[in-house]
Amino acid sequence: MALNIRPIFRPILISSRPGPRHKALEAVCFLVILLSIIQEAIPQSVTTSDQTSKEGDVEVVITCDYSQFTSTTPDAVQWDELYEDGSTINLLNNKKIQNGRFTLNIADLVMSQPMRDDSRRTFQCQIQTTAGDIERSNPSILTVYYLDQPLLIASASTVYEGQSVTFTCSKPDGDPIPHITWYRDGQTVNNPSRYEITNNGTESVLKIKSATKEDAGRYTCKAESDQFKGEDAKTSVGKQLNIKGYCM
């Protein structure tokens, strides 16, 4: 006799209504999002700004503006240097107002004699009120511009008329990258029919194709950039060129 066996399935009902734990997680997520929105909306109450300086300046001042945090003189001020790995080192505070080239001036950080190696250093100030409230500023990045003196070399100091002569100006190290301008007796050299000027990444070359007595004079090359113009530009040591005529 054949048996008619039918499988028995008992459906498992999954409730679509969230339980207490699910609701708690949703509440936590909502609070985290809300706090991040509030923090972005609230302006920084202690602020600094990125600063620029030039190598050779007497000093550079990085200000710490706490006017939005407290209207009274802070009870404590601290300046830290921040590193790329996330570590920090304390530079100055109320008990240590001078540290090497760094000086604390009320709430501002003063660095004397900024150098090119100081470029990209990052600083942060911290303010504490008499009530004990503490607030840190945003980071301040220092950029120190610099420019070295160009080096000028001449293939000869004396040539005969009709001969060629070459001046080579090594482009100096600088930030921003400088460009080179040529001068003879203080006047810009800009006659392409008589002078050939070529530039590459390391040097600028001035070639006199066929020298005449008018080419005699003192030649210099000047390095300039957006940050070093006029009196701040750097000029090479001059090279005197003498032109001789052929005896008949």
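Below you will find a few notes about this structure.

Evaluated as defined, the whole model comprises two disulfides. The disulfide partner of Cys169 is Cys221, and the S-S distance across this bridge is 2.1 Å. Note on the Cys169 and Cys221 pair: the S-S dihedral is about 75°, so by sign convention the disulfide is right-handed. Here Cys221 lies in strand β19 (residues 217–224) and Cys169 lies in strand β13 (residues 165–170), a separation of 52 residues in the sequence. For Cys169, a relative accessible area of 0% corresponds to the buried category. Overall, the relative accessible area of 0% leaves Cys221 in the buried class.

Let's shift gears to the pairing of strand β17 (residues 195–199). Two elements, β17 and strand β18 (residues 203–208), share five bridges in a ladder whose sense is antiparallel. Bridge pairing in β18 places Glu196 opposite Lys207. The loop that links β17 with its antiparallel partner β18 comprises three residues.

A few words now on the nonpolar core. By size, the foremost hydrophobic cluster in this structure holds 20 residues, and its most contacted members are Phe167, Trp182, Leu206, Ile208, Tyr219 and Leu241. For this core, the secondary-structure elements that each account for two or more residues are β10 (140–147), β13, β15 (179–184), β18, β19 and β21 (239–244). When near neighbours in sequence (up to four residues on either side) are disregarded, Leu241 contacts Ala156, Ser157, Val159, Val165, Phe167, Ile208, Asp215, Ala216, Gly217 and Tyr219. Judged by nonpolar contacts, the second largest core, of 19 residues, contains Val46, Val60, Leu91 and Leu104.

On to the pattern of salt bridges. For the structure on display, the rule yields 11 salt bridges. For Asp80, the salt bridge goes to Arg136, with nearest N and O atoms at 3.1 Å. Of this pair, Asp80 sits in strand β3 (residues 76–82) while Arg136 sits in strand β9 (residues 134–136), and the two are 56 residues apart along the sequence. Of the residues examined, Arg136 reaches a relative accessible area of 35% and is grouped as partly exposed. Note that Arg121 is salt-bridged to Glu81, the shortest N-O span being 2.7 Å.

To continue, consider the side chain of Ser204. Inspection of the secondary structure assignment puts Ser204 in strand β18. A polar atom in the side chain of Ser204 sits 2.7 Å from the side chain of Asn199. In this structure, Ser204 is in contact with Phe167, Thr168, Cys169, Lys171, Ile180, Trp182, Ile197, Thr198 and Asn199, ignoring residues within four places of it in sequence.

This part is about unusual backbone geometry. Excluding glycine, residues mostly carry a negative phi; peptide bonds, for their part, are mostly trans. With an omega of 5°, the peptide bond between Asp175 and Pro176 qualifies as cis. We note that Ile106 has phi near 60°; this positive angle belongs to a residue other than glycine. Within the fold, Ile106 resides in the loop between β6 (102–105) and β7 (108–112). Unusually for a residue other than glycine, Gln113 sits at a positive phi of about 45°. By the element assignment, Gln113 lies in the loop between β7 and β8 (122–128). Gln113 sits in the exposed class, given a relative accessible area of 54%.

Quick notes on the rules
Every residue gets a number counted from 1 within its own chain, in the order that chain's sequence is written. Residue-level local features of this predicted model are given only where pLDDT is at least 70; pairs of side-chain atoms are given and counted only at 80 or more, and the full residue set underlies all totals for whole chains, interfaces and linings. Each side-chain value is worked out from all heavy atoms of the structure, with water and hydrogens disregarded. Cysteine sulfurs are considered disulfide-paired once they come within 2.5 Å of each other. Secondary structure follows DSSP: runs of H or I at least 4 residues long count as helices, runs of E at least 2 residues long count as strands, and numbering of each begins at the N terminus. Only protein chains enter the calculation, and the probe is 1.4 Å; a residue is then buried if its accessible area is under 20% of its type maximum, exposed if over 50%, and partly exposed in between. Here, any two strands with at least 2 DSSP bridges between them count as paired. Think of a nonpolar core as a cluster: buried Ala, Val, Leu, Ile, Met, Phe, Trp, Tyr and Cys residues, connected wherever their side-chain atoms sit within 4.5 Å. Two residues form a contact once any of their heavy atoms are found within 4.5 Å. We define a salt bridge as a side-chain nitrogen of Lys or Arg found within 4 Å of a carboxyl oxygen belonging to Asp or Glu. Pairs of N or O atoms are called polar contacts if they sit within 3.5 Å, as long as, within protein, a hydrogen donor faces a hydrogen acceptor (for residues adjacent in sequence, only side-chain-to-side-chain pairs).

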